[in-house]
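Here is what each chain is made of, one letter per residue.
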Amino acid sequence: MKNRQNVTIKGTKDGLVLHLDDSCSYEELKKELDQKLSANTQTQDERNLISVKVEIGNRYLTEAQQEELKELIRQKKNLVVDNIEANVITKEEANRLKAETEVVTVSRIIRSGQVLEVPGDLLLIGDVNPGGTVIAGGNIFIMGTLKGVAHAGYLGNDQAVIAASSMKPSQLRISDCIERTPESVQSVEKREMECAYIDDNRQIIIDRLQALIQLRPDLTRIEGGH
Amino acid sequence: MGEAIVITSGKGGVGKTTTSANIGTALALQGKKVCLVDTDIGLRNLDVVMGLENRIIYDLVDVVEKRCKIHQALVKDKRFDGLLYLLPAAQTVDKSAVQPEQMKELITELKQDYDYIIIDCPAGIEQGYKNAIAGADKAIVVTTPEVSAVRDADRIIGLLEKEKSMESPRLVVNRIRNHMMKSGDMLDLDEVTQHLSIELIGIVADDEEVIKASNHGEPIALNPNSKASIAYRNIARRILGESIPLQPLEEANKGVFTKLKKFFGVR
Ligand SMILES: Nc1ncnc2c1ncn2[C@@H]1O[C@H](COP(=O)(O)OP(=O)(O)OP(=O)(O)O)[C@@H](O)[C@H]1O
Ligand SMILES: [Mg+2]
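Residues numbered from 1 in each chain as written. Chains lettered and ligands numbered in written order. Predicted model: local features only at pLDDT ≥ 70, side-chain atom pairs only at ≥ 80, totals over all residues. Heavy atoms only, no water.

### Re the overall build of chain B
Now for step 1: Summing up its helical and strand segments, chain B has 12 helices and eight strands in all.
Now for step 2: Relative to its length of 267 residues, chain B is compact, with a C-alpha radius of gyration of 18 Å against a globular reference of 18 Å.
Now for step 3: Taking the principal axes of the C-alpha coordinates as reference, chain B spans close to 65 × 40 × 30 Å.
Now for step 4: Counting every position in chain B, which comprises 267 residues, the buried fraction comes to 54%.
Now for step 5: The contacts in chain B between residues at least 6 apart in sequence include a share of 75% that link residues at least 24 apart.
Now for step 6: Summed over its atoms, the accessible surface of chain B is roughly 12,400 Å², and 48% of this surface lies on carbon and sulfur atoms.
Now for step 7: In chain B, 35 positive and 38 negative side-chain charges are present, and the distance between their average locations comes to 3 Å. (Helix = DSSP H or I, 4+ residues; strand = E, 2+ residues; numbered from the N terminus. Rg over C-alpha atoms; globule rule 2.2 N^0.38 Å. Buried < 20%, exposed > 50% of the residue type's maximum accessible area, 1.4 Å probe, protein only. Contact = heavy atoms within 4.5 Å. Areas by Shrake-Rupley, 256 points an atom, 1.4 Å probe, with all protein chains shown as cover. Lys, Arg positive; Asp, Glu negative; His and termini not counted. Charge placed at Lys NZ, Arg CZ, Asp CG, Glu CD.)

Here is the structure:
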């Protein structure tokens, strides 16, 4: 037990990996890390920073502790921490991750002045009236008429799409792209079964719903299928 | 135990006061005991439309601040045999003189003695609105077929739907002009009802007679022959639970001549 090393350094084809044992105490770990990195001072080109991946196994580190380790590593050598990888996350983070990938179904009308926000995908059974807003971390699917504002992928997901049975938005937003609907489109035409997405030129395009089958194959969630 | 219905709209001037006066009158005509409550503190109107202005002694704020008993402040409408009363708004103080809790208490008390409490709400969504809806069991939203009025109605409906103790609001579309709807210069009825998607409880034509009647302090519902009057009476009957199909514009039967004109497509 005494001889077991809490800190091991490995070179892999992807770069340097620092493995930190998860069964010792955090203080012990810090001490050993400090020693190991100091001992190992072979002169290297000081300006040439090497990025390392830090693996911490089943240990949970708080943000502050992660910062502390990064700082420690950064001070000792010309190493920069590329990322810290743990096998564990907090329940809170797990819930957030789950929420971000979940489809939330809402059955109601989003009226003027109302804002509906979901972390993941939104399936709205109802309309978004003018002056109403729906916001989603992921995709937005509206079974009714979209007459207000819809913002999909609001945390910066360019792949997000907006689909509506009737597409008469006052404004569409996907990620950080904004599209005001041209006056001409708004009332006259029947805009049925359409979708909006960001194309290669980072423009919001409105197309037939079926275009998504080619453009966003990842929308399919079910495994298998015939 | 009576039922309290607030008449609200968001936008000003769309006909809340007119609707309150006429629904109250029409309910009283049906033999119900009705109390009209004007919550538009500082801008009271309902007393004028009802022709009861001269008889006001105390007002809503006097009641709330316990300067008088409720029955002392109620103005009796002599045209009805003890069926119709008005609790007027105060004219001299501002809206913050009353709190929602006090309104709730007041309306609850009135519900003991009346079949229907019709509450005329001020425009807007602030304090006055909050006071007006505080004691209400149901709401009627008034709109006109104009984009801005419908937008505000939508906003109000959104707020009303959050009131857990209240039933889903019902809609009155007021001041409809048939020719403008037909020509597409006004939103048509389907557009309005689809957009707001709440139950439509009545439609009222834009009718000069309404304005004349209000100016004389005689709500139009008292006049049996105008189409607006029939529209208001039908709303009252629907409130009472009768199922009366919506007639396009609730038109009065003007006899054979009109029918013939219609037959030949003459307007
Ligand atoms: N159906 C109608 N036909 C013609 N005129 C009408 C009709 N309904 C209401 N009016 C007129 O519209 C004007 C505004 O009506 P009213 O005072 O009832 O609106 P309100 O919503 O109570 O206004 P406020 O927001 O100021 O309280 C009045 O002059 C009234 O006579
Ligand atoms: Mg009024």
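### Describing the interface of chain B and chain A
It is common to give the size of an interface as the accessible area lost on bringing the parts into contact.
Now for step 1: Each partner contributes residues to the interface: chain B has 12 residues there, and chain A has 10 residues.
Now for step 2: Carbon and sulfur atoms make up 39% of the surface buried where chain B meets chain A, a total of about 820 Å² over both sides.
Now for step 3: At the boundary of chain B and chain A, one finds two salt bridges.
Now for step 4: Among the ionic pairs, D154 of chain B bridges to R111 of chain A, the shortest N-O distance being 2.9 Å.
Now for step 5: For the pair chain B and chain A, the interface holds seven residue pairs in polar contact (both at pLDDT 80 or more).
Now for step 6: Broken down by secondary-structure element, the contributors of at least two residues to the side of chain B that touches chain A are helix 7 (147-161) and helix 9 (189-196) of chain B.
Now for step 7: Each residue belonging to the side of chain B that touches chain A can be placed in one class, and the counts come to three nonpolar, four polar and five charged. (Buried area = accessible area lost by both parts, 1.4 Å probe. Salt bridge = Lys/Arg side-chain N within 4 Å of Asp/Glu carboxyl O. Polar contact = N/O pair within 3.5 Å; in protein donor to acceptor, adjacent residues only side chain to side chain. Nonpolar A, V, L, I, M, F, W, Y, C, P; charged D, E, K, R; others polar.)

### Details of unusual backbone geometry
Now for step 1: Backbone geometry at R202 of chain A places phi at a positive 55°, although glycine is not the residue there.
Now for step 2: Given the relative accessible area of 36%, R202 of chain A is considered partly exposed.
Now for step 3: Unusually for a residue other than glycine, R175 of chain B sits at a positive phi of about 60°.
Now for step 4: By the element assignment, R175 of chain B lies in strand 7 (residues 170-176).

### Some points on the domain arrangement of chain A
Now for step 1: In terms of domain boundaries, chain A breaks down into domain 1 (7-85) and domain 2 (94-219).
Now for step 2: Each of domain 1 of chain A and domain 2 of chain A has a C-alpha centre, and these two points are 43 Å apart. (Domains from an automatic or database assignment.)

### Regarding helix 11 (residues 227-239) of chain B
All names here are of chain B.
Now for step 1: With 13 residues, helix 11 ought to run about 18 Å at 1.5 Å a step, and its terminal C-alpha atoms sit 18 Å apart, in line with that.
Now for step 2: Every buried residue belonging to helix 11 is among A228, S229, A231, Y232, N234, I235, A236, R238 and I239, and all of these are buried.
Now for step 3: Structurally, the start of helix 11 carries an N-cap: the backbone nitrogen of A228 is 3.4 Å from a side-chain oxygen of S226.
Now for step 4: Looking one or two residues beyond helix 11, the residue adopting positive phi is G241, at roughly 100°. (Expected span 1.5 Å × (residues − 1).)

### Quick word on the pairing of strand 15 (residues 204-208) of chain A
All names here are of chain A.
Now for step 1: Alignment of strand 14 (residues 192-198) against strand 15, held across five bridges, turns out to be antiparallel. Among the inter-strand pairings, I198 is bridged to a residue of strand 15, identified as I204.
Now for step 2: Between strand 14 and strand 15, which pair antiparallel and follow one another directly, the connecting turn spans five residues, one of which, R202, has a positive phi of 55°. (Pairing = 2+ DSSP bridges.)

### A short note on the pairing of strand 9 (residues 140-146) of chain A
All names here are of chain A.
Now for step 1: Burial within strand 9 is extensive, with five of its seven residues counted as buried.
Now for step 2: Pairing analysis gives three bridges linking strand 7 (residues 121-125) to strand 9, with the strands arranged parallel. What sits directly across from L123, in strand 9, is F141.

### Some details on the sheet that holds strand 9 of chain A
Residues and elements named next belong to chain A.
Now for step 1: Judged by pairing direction, the sheet is mixed, and its six strands sit side by side in the order 5-7-9-11-14-15 without closing on themselves. Strands with a single pairing partner mark the edges of an open sheet, and in this sheet they are strand 5 (103-107) and strand 15. Averaged over neighbouring strand pairs, the angle between their axes works out to 25° when direction is ignored. (Axes fitted to C-alpha atoms, helices over the stretch in contact; angles between N-to-C directions.)

### What about the confidence of the model for chain B?
Residues and elements named next belong to chain B.
Now for step 1: Within chain B, residue pLDDT values average 91, and 93% of them lie at 70 or more.
Now for step 2: Scored below 50 in pLDDT, residues 252-267 shows 11 contacts in the model against residues more than four places distant or in partner chains.
Now for step 3: Listed scores for the predicted complex are pTM 0.79 and ipTM 0.80. (pLDDT = per-residue confidence, 0-100.)

### Thoughts on the packing of helix 7 of chain B against helix 9 of chain B
All names here are of chain B.
Now for step 1: At their nearest, the axes of helix 7 and helix 9 sit 10 Å apart, and the two run at 25° to each other. Compared by their axis directions, helix 7 and helix 9 come out roughly parallel. Viewed along their axes, helix 7 and helix 9 form a crossing whose handedness is right-handed. The segment helix 7 lies against helix 9, with V150, A153, D154 and I157 engaging V192, H195 and L196.
Now for step 2: Along the lines of polarity and charge, the residues of the contact of helix 7 with helix 9 split into five nonpolar, one polar and one charged. (Parallel < 35°, antiparallel > 145°, perpendicular 65-115°, else oblique. Left-handed = near helix turned anticlockwise from the far one by under 90°.)

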